[in-house]
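# Descriptive structure summary
Take a look at the letters that make up each chain.
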Amino acid sequence: MVEAKFGVGQPHKRIEDAALLVGGGRYVADAAATSDAFAAYVVRSPHAHARFTLNDVDSVRAMPGVRLVLTAAETADLGSMPMAATITIVGEDRLAVPPHPVLAEDTVRHVGDAVAFIVAETLDQARDAAEAMEIHWEPLPAVAELAAAAAEGAPVVWAERPGNVAFTSEFGHADACQAAFAKATHVVRLRLVNNRLVTNYIEPRGVLAEVEESGRIRLTLGSQGSHTLRNAIADKVLNWDREDLRVITPDVGGGFGTKMFPFCEYPLAALAAKLLGHGVAWIGDRNEHFQGDSHGRDNITDVALALDGEGRFLALEVDTLSNMGAFLAYYGPYIPWGGASMLPGVYRIGAFHARVRGIYSHTVPVDAYRGAGRPEAAYVIERIVDAAARQIGIAPEELRRRNFIPPDAMPYRTNTGRLYDSGEFDGHMTRALAVADYAGFPSRAAKAGAGGKLRGIGFACYIEACGGGGAEPAFLTLEADGGVTVKIGSQASGQGHQTAYAQLVSAELQLPLERVRVLQGDTDDLPSGSGTGGSRSIPIGGAAVAGAARKMSENLKRLGADALEADAADLEFLDGALVVAGTDRRLTLAELANLPAATPEDLRATDAFSAPEATYPNGTHVCEVEIDPDTGAVEIVGYVVVDDFGATVNPLLLAGQVHGGIVQGIGQALLERTVFDDEGQLLTASFMDYALPRAADVPDIHFETRNVRCRTNPLGVKGAGEAGTIGSCPAVMNAVVDALWRGHGIDHLDMPATPAAVFDAISRVRAAA
């Protein structure tokens, strides 16, 4: 590819932003507001666990404006909400999946569980009907917190799953691990809590269901992939032919994994529209998001690291409990299972064994959230490595250097079967520490101490797996006006696909980015689409766009050769035209498209790339903090990240992705707490109680790349969309613990390191002194 003013590697500003910044975006709520659709409201359980009966529903149906009331009785023919995860388990022949009805029949299992779907002419009328619905509740024992749900004698979510164990999976070899621990000079142990998060994208979910002239139902909804949702809803829930359901995704205000999944409101809206012969819109609010959308993270891990006398890693033993919530969400079981495969991190480890147990609780289900298991894995290995360095008295950078997988070992097969193709881990760690002035930290710590503050520095060297999986075909067409249309089944939700894909096209055809139109989100446009998840849009989708653009370039050169009376080898693209090199003979792309000899096949190109292996982005995050011991307040005073993303398509877009991920990691490390009471009530169900990071919580971030080209991707890129969340949590927490250790000998603290948590830890040490 050519690196030119329109092409790959250039820091173009996002071309999609102009419309969004002046209110030109069109989201689901906009589509609903400009339609004549009826309004839908979901009646949800106020109890975490209860039996219930609905009484006198007909009276509700007769209320002013009410058009339809759906309960379990009217939706009995619908299938269960689907679960698509495939994992390997032990102790059972297959993963047991409990039923997850679109509307609960007689028992609810978490606060927010849906029990009725009311459609009325206005939202106020639907809300009035919901308040008038007579429901007799019989509360039952409930358990929400993970440790309590896994404890002996806990209330059971599903009678057929004693102990609330949803599944057990194992990796590696327990016997070899035990043997390595038996001969170890040092053994370091740690229990880590990876706190539960609410995903909190800026645009709550919603759906508009409309009846087309043919009678087909059209759903407009915010998603990360229209085909994925269409197929899941039609095949598994509604039991309709796929041709009877069209899904359109307009602009999307963030997804972070959660908008990839089917939720009950989608098939309910489709069914309601079909029954009424009229449009139905459900637009969720923030409180419904907290109680009805899948959450993320929520693990408890016991980890042990065995080392020899030289500090070499002999073995790693991991035992993880992962909260599944009340039901198995769409990819829920895969998240801890897939994440466990990344537990060895960037290190050579002699022996490895891990056990992962999914645990049911009376809470909203847990599923993928930005990083989807890989942040949890990186947090485990990077926290235990820092703990080991502290315990055995080796500098954390030196301990890592002794155990890094060296570049000359690539490709490297890990204990869990992952195949790393490339990486220079010591290289980016050394660079990040230099940029962060790691050597000058002692003087800064002394200055902070003189002012009564605690100073700490910590870092994390992460690696993750993403950008793999099946093909995502790209379809390119040269239009009559000389512009190029790209159709692809990935889905933007704020990443900048329009700009990135346009750059890949322009790299071959040398036309301005504004002349490339990217179409996504309509199941009528493409036969299939995998959507966006796992940082696939550039490694997989981008590779397909680049391949199709290259084929189009070849097609157009063959087409233009006759018209220009030149050999195709002498032709090149320049400023949106095909020119004969060294002459003034040229044809614009519009002229090429309108040549009498041009056939549809000449003006179209398609390509697809199926990855033989995931890509493995990696890097080092360095965080420096200052703590006020009298309040517990933590301030991040420095942040450096040096990443290896293989190659860079657009450095501005890349920096934005990394910055956003880091902020989410800071939020988890220092602020975000999802708290339930003993009865399973969510106490942090709004922004009054749930703290998200604000501008004042975010430091200046120094970001740079030290790329090592990916050997398994035609663009050389490694996925970048989730990397910021993966390195940030362990870096921040290692810095916090470093400050507490230097000041008070405190060697452990769990996330989130809120002022209250930090102050409590310091107070307990002071009280014992």
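Scroll up a little and you will see the structure.
A short tour of the structure in this document, coming up. (Residues numbered from 1 in each chain as written. Predicted model: local features only at pLDDT ≥ 70, side-chain atom pairs only at ≥ 80, totals over all residues. Heavy atoms only, no water.)

### Section: the overall build of the protein
- From N to C terminus, the protein includes 20 helices and 28 strands.
- Relative to its length of 769 residues, the protein is compact, with a C-alpha radius of gyration of 27 Å against a globular reference of 27 Å.
- With the C-alpha coordinates of the protein rotated into their principal frame, the extents come out at 90 × 75 × 55 Å.
- Residues counted as buried form 61% of the 769 residues belonging to the protein.
- Counting contacts in the protein only where the partners sit at least 6 residues apart, residues at least 24 apart contribute 80% of the total.
- Counting 65 positive and 97 negative side-chain charges, the protein places the averaged centre of each group 5 Å from the other. (Helix = DSSP H or I, 4+ residues; strand = E, 2+ residues; numbered from the N terminus. Rg over C-alpha atoms; globule rule 2.2 N^0.38 Å. Buried < 20%, exposed > 50% of the residue type's maximum accessible area, 1.4 Å probe, protein only. Contact = heavy atoms within 4.5 Å. Lys, Arg positive; Asp, Glu negative; His and termini not counted. Charge placed at Lys NZ, Arg CZ, Asp CG, Glu CD.)

### Observations regarding the sheet that holds strand β7 (residues 165–172)
- Strand order across the open sheet formed by 5 strands is β7-β15-β14-β13-β8, with mixed pairing between neighbours. With partners counted over all chains shown, the strands left at the sheet margins are β7 and β8 (186–197), one partner each. In this sheet, adjacent strand axes meet at a mean angle of 10° when their direction is disregarded. (Pairing = 2+ DSSP bridges. Axes fitted to C-alpha atoms, helices over the stretch in contact; angles between N-to-C directions.)

### Focus on the side chain of E672
- Assignment of secondary structure puts E672 in the loop between α18 (651–670) and β28 (701–705).
- Of the side chains with opposite charge, R297 comes closest to the buried, unpaired E672, at an N-O distance of 8.8 Å.
- If sequence neighbours within four positions are ignored, E672 has contacts with N195, L197, V198, Q664, G667, Y690, A691, L692, P693 and P752. (Salt bridge = Lys/Arg side-chain N within 4 Å of Asp/Glu carboxyl O.)

### Describing the packing of helix α12 (residues 396–403) against helix α13 (residues 425–435)
- For the pair α12 and α13, the least separation of the axes is 10 Å and the interaxial angle reads 165°. Of the possible angle classes, the one that applies to α12 and α13 is roughly antiparallel. As α12 packs across α13, the resulting crossing turns out to be left-handed. Contacts between α12 and α13 involve E397, R400 and R401 on the former and, on the latter, D426, M429, T430 and L433. (Parallel < 35°, antiparallel > 145°, perpendicular 65-115°, else oblique. Left-handed = near helix turned anticlockwise from the far one by under 90°.)

### Focus on the layout of surface pockets
- Estimated volume of the second largest pocket: approximately 300 Å³.
- Lining the second largest pocket we find 18 residues, and of these E145, V193, N195, R196 and T674 sit closest to its centre.
- Per-element tally for the lining of the second largest pocket: the top contributor is β8, with 3 residues. (1 Å grid on protein atoms, 1.4 Å probe; cavity = no way out; pocket = protein on both sides within 12 Å on 5 of 7 lines; lining within 4 Å. Points joined across faces, edges and corners; volume = space filled by probe spheres on them.)

### Brief notes about empty space enclosed by the protein
- Per the counting criterion, the structure on display carries 7 cavities of 30 Å³ or more.
- Approximately 300 Å³ is the volume attributed to the largest cavity.
- Among the residues forming the lining of the largest cavity, the class breakdown is 14 nonpolar, 5 polar and 6 charged.
- In this structure, the second largest cavity spans a volume of roughly 100 Å³.
- Lining the second largest cavity are 13 residues, and of these N299, T320, P336, A340 and E376 lie nearest its centre.
- Of all the secondary-structure elements, those providing two or more residues to the lining of the second largest cavity are β13 (296–307), α10 (334–340) and α11 (374–392).
- The element contributing the most residues to the lining of the second largest cavity is α10, with 4 residues.
- The residue inventory of the lining of the second largest cavity, partitioned by class, reads 7 nonpolar, 5 polar and 1 charged. (Nonpolar A, V, L, I, M, F, W, Y, C, P; charged D, E, K, R; others polar.)

### Concerning the packing of aromatic side chains
- Tallied over the full model, the rule gives 16 aromatic pairs.
- An angle of 50° between the planes, with centres 5.6 Å apart, marks the rings of Y334 and W337 as tilted. Here the residue Y334 and the residue W337 both occupy positions in helix α10, the gap between them amounting to 3 residues, near one helical turn.
- Look at Y334 and you get partly exposed, because its relative accessible area is 32%.
- Through successive ring pairs, a cluster of aromatic residues spans F313, Y347, F404 and F425.
- The cationic tip of R390 hangs over the ring face of W741; the distance from NZ or CZ to the ring centre is 5.9 Å. (Phe/Tyr/Trp six-rings, centres within 6.5 Å; stacked < 30°, edge-to-face > 60°. Lys NZ or Arg CZ within 6 Å of the ring centre and 35° of its normal.)

### Looking at helix α14 (residues 441–450)
- Taken together, the buried positions of α14 are F441, A445 and A448. Summarising the axial view, the buried residues of α14 lie within an arc of 60°, below the 170-degree limit, and thus occupy one face. Residues of α14 that are exposed and point more than 90 degrees away from the buried face comprise P442, S443, A446, K447 and A450.
- If you follow the buried residues of α14, they end up packed against β18 (454–463), β26 (618–627) and α19 (723–744). (Arc of directions from axis to C-beta.)

### So, α13
- Buried within α13 we find F425, H428, M429, A432 and L433. With its buried residues spanning 130° around the axis, α13 presents them on a single face.
- Looking at the packing, one finds that the buried side of α13 touches α12, β18, β26 and β27 (634–644).
- With its phi angle positive at about 50°, D437 sits one or two positions after the end of α13.

### Regarding the sheet that holds β26
- Here 4 strands make up an open sheet; going across it, the order is β18-β26-β27-β28 and the pairing mixed. The open sheet has two edge strands, β18 and β28, and neither has a second partner. Taken pair by pair, the neighbouring strands of this sheet meet at an average axis angle of 10°, ignoring direction.
- Where β27 meets β28, 5 bridges bridge the pair, whose relative direction is parallel. In the sheet register, V640 faces β28, and the bridge partner there is H702.

### Overview of the environment of V486
- Structurally, V486 can be placed in strand β20 (residues 484–488).
- Each C-alpha atom, one on V486 and one on A581, is 28 Å from the other, the two residues being 95 residues apart in sequence.
- Not counting residues up to four positions away in its chain, the partners in contact with V486 are F475, L476, V505, V516, R517, V518, L519 and V545.

### What about the packing of α18 against α19?
- In contact at an axis separation of 7 Å, α18 and α19 are set at 45° when each is read in the N-to-C sense. Accordingly, the angle class assigned to the pair α18 and α19 is oblique. As α18 runs across α19, the sense of the crossing is right-handed. Between α18, through V658, G661, I662, Q664, G665, I666, Q668, A669 and L670, and α19, the contact on the second element is made entirely by G724, T725, S728, C729, V732, M733 and V736.

### What to know about the side chain of T228
- Mapped onto the secondary structure, T228 falls in helix α7 (residues 226–238).
- Setting aside its immediate chain neighbours within four residues, T228 contacts M260, Y330, G529 and S530.

### Points about the environment of A502
- Mapped onto the elements, A502 comes out in helix α15 (residues 497–509).
- Separated by 144 residues in the primary sequence, A502 and G358 have C-alpha atoms spaced 42 Å apart.

### Considerations on the environment of V545
- When you line up the elements, V545 lands in helix α16 (residues 537–564).
- Given the relative accessible area of 0%, V545 is considered buried.
- In the structure, V545 is positioned 406 residues away from P139 in sequence and 55 Å away in space, judged by C-alpha atoms.
- Ignoring sequence-local partners within four residues, the contact set of V545 consists of A474, L476, V486, I488, Y501, L504 and V505.

### Thoughts on the state of the cysteines
- If you walk through the whole model with that rule in mind, you get 0 disulfides.
- No disulfide involves C466; its nearest neighbouring cysteine sulfur is the one of C710, lying 9.5 Å away.
- According to the relative accessible area criterion, C466 is buried, its value standing at 4%.
- Cysteine C729 is unpaired, with the sulfur of C623 as its nearest cysteine sulfur at 11 Å.
- Since its relative accessible area comes to 4%, C729 is described here as buried. (Disulfide = S-S within 2.5 Å.)

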